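Below, each chain spelled out in residue letters.
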Amino acid sequence: MAEDEENTSVDEPAEAHDHDHDDHDHAEHGDHGHDEEIHMPPNSWWPMVTAIGIAIGLVGILFLDLPFIIAIGVIVMVGGIVMWVVDARKEYQELH
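Quick caveat: nothing in here was measured; it's all calculated off a predicted structure.

Undergrad: Even after reading the chapter, I still don't get the overall build of the protein chain, so can you show me in this structure?
TA: The number of helices and strands found in the protein chain is four helices and zero strands. Reading the protein chain from its N end, one meets helices and strands in the order α-α-α-α. Buried positions account for 8% of the 96 residues belonging to the protein chain. In the protein chain, of all internal contacts separated by at least 6 residues, the share reaching a separation of at least 24 is 57%. When the accessible area of the protein chain is evaluated, it comes to approximately 8600 Å², of which 62% is carbon and sulfur surface.

Next comes the structure, spelled out in structure tokens:
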């Protein structure tokens, strides 16, 4: 048992073992995706508008108890969600 502990090298880097594993992964899965471009959606203000609408509605519910503030928050939130979906659908149709 003591001989096994002496034979193991503490100074051996972990990458030495991972290198063999990486080669196996590439051989098994192929080199898919190297020629494909990753599509990232454009920046959008609609998620922030939606969050602001939620915040306004919550302030109206929790602190002010004013129905018109709650209504403004709900309108802003729903408008943000609708416009977010419209933009996402438009972008999806442009891609396909």
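Undergrad: Just checking my understanding: could you explain the environment of W46 for this structure?
TA: By the secondary structure assignment, W46 is in helix α3 (residues 46-64). According to the relative accessible area criterion, W46 is partly exposed, its value standing at 25%. Sequence spacing of W46 and V82 is 36 residues, and the spatial spacing of their C-alpha atoms is 8.8 Å. Reaching out from W46, the side chain makes a polar contact with the side chain of D87 at a distance of 2.8 Å.

Undergrad: Any chance you could explain unusual backbone geometry here in plain terms?
TA: Generally, phi is negative for residues other than glycine and the peptide bonds are trans, each holding for most cases. Positive phi, close to 55°, is recorded for D65, a residue that is not glycine. Secondary-structure assignment places D65 in the loop between α3 and α4 (67-95). The class for D65 is exposed, based on a relative accessible area of 61%.

Undergrad: What exactly am I supposed to notice about the packing of α3 against α4 here?
TA: Packed helix pairs are specified by the crossing angle of their axes together with the interaxial distance, meaning the distance between the axes. Their axes nearest at 7 Å, the elements α3 and α4 cross at an angle of 160°. In this view, α3 runs roughly antiparallel relative to α4, as classed from their interaxial angle. The way α3 lies across α4 gives a crossing that is left-handed. Side by side, α3 and α4 meet where W46, P47, V49, T50, G53, I54, I56, G57, G60, I61 and L64 of the first sit next to I69, I70, I72, G73, V76, M77, G80, I81, M83, W84 and D87 of the second.

Undergrad: What exactly am I supposed to notice about a nonpolar patch on the surface here?
TA: On the surface, a cluster of nonpolar side chains totalling about 950 Å² of accessible area is made up of I54, L58, V59, I61, L62, F63, L64, L66, F68 and I72. Among the secondary structure elements, those contributing two or more residues to the nonpolar patch are α3 and α4. Here the element with the most residues in the nonpolar patch is α3; it accounts for seven residues. Mapping I72 onto the fold places it in helix α4.

Undergrad: Which parts of the structure should I look at to understand the side chain of E91?
TA: With respect to the helices, strands and loops of the structure, E91 is situated in helix α4. In this structure E91 is buried but unpaired, with K90 as the nearest side chain of opposite charge at 10.0 Å. Sequence-distant contacts of E91, defined by excluding residues within four places in its chain, comprise H39, M40, P41 and P42.

Here is what the cut-offs are and how they apply
Residues numbered from 1 in each chain as written. Predicted model: local features only at pLDDT ≥ 70, side-chain atom pairs only at ≥ 80, totals over all residues. Heavy atoms only, no water. Helix = DSSP H or I, 4+ residues; strand = E, 2+ residues; numbered from the N terminus. Buried < 20%, exposed > 50% of the residue type's maximum accessible area, 1.4 Å probe, protein only. Contact = heavy atoms within 4.5 Å. Areas by Shrake-Rupley, 256 points an atom, 1.4 Å probe, with all protein chains shown as cover. Polar contact = N/O pair within 3.5 Å; in protein donor to acceptor, adjacent residues only side chain to side chain. Axes fitted to C-alpha atoms, helices over the stretch in contact; angles between N-to-C directions. Parallel < 35°, antiparallel > 145°, perpendicular 65-115°, else oblique. Left-handed = near helix turned anticlockwise from the far one by under 90°. Patch = residues over 30% accessible without salt bridge, like charges linked within 9 Å, V, L, I, M, F, W, Y side chains within 5 Å. Salt bridge = Lys/Arg side-chain N within 4 Å of Asp/Glu carboxyl O. Lys, Arg positive; Asp, Glu negative; His and termini not counted.

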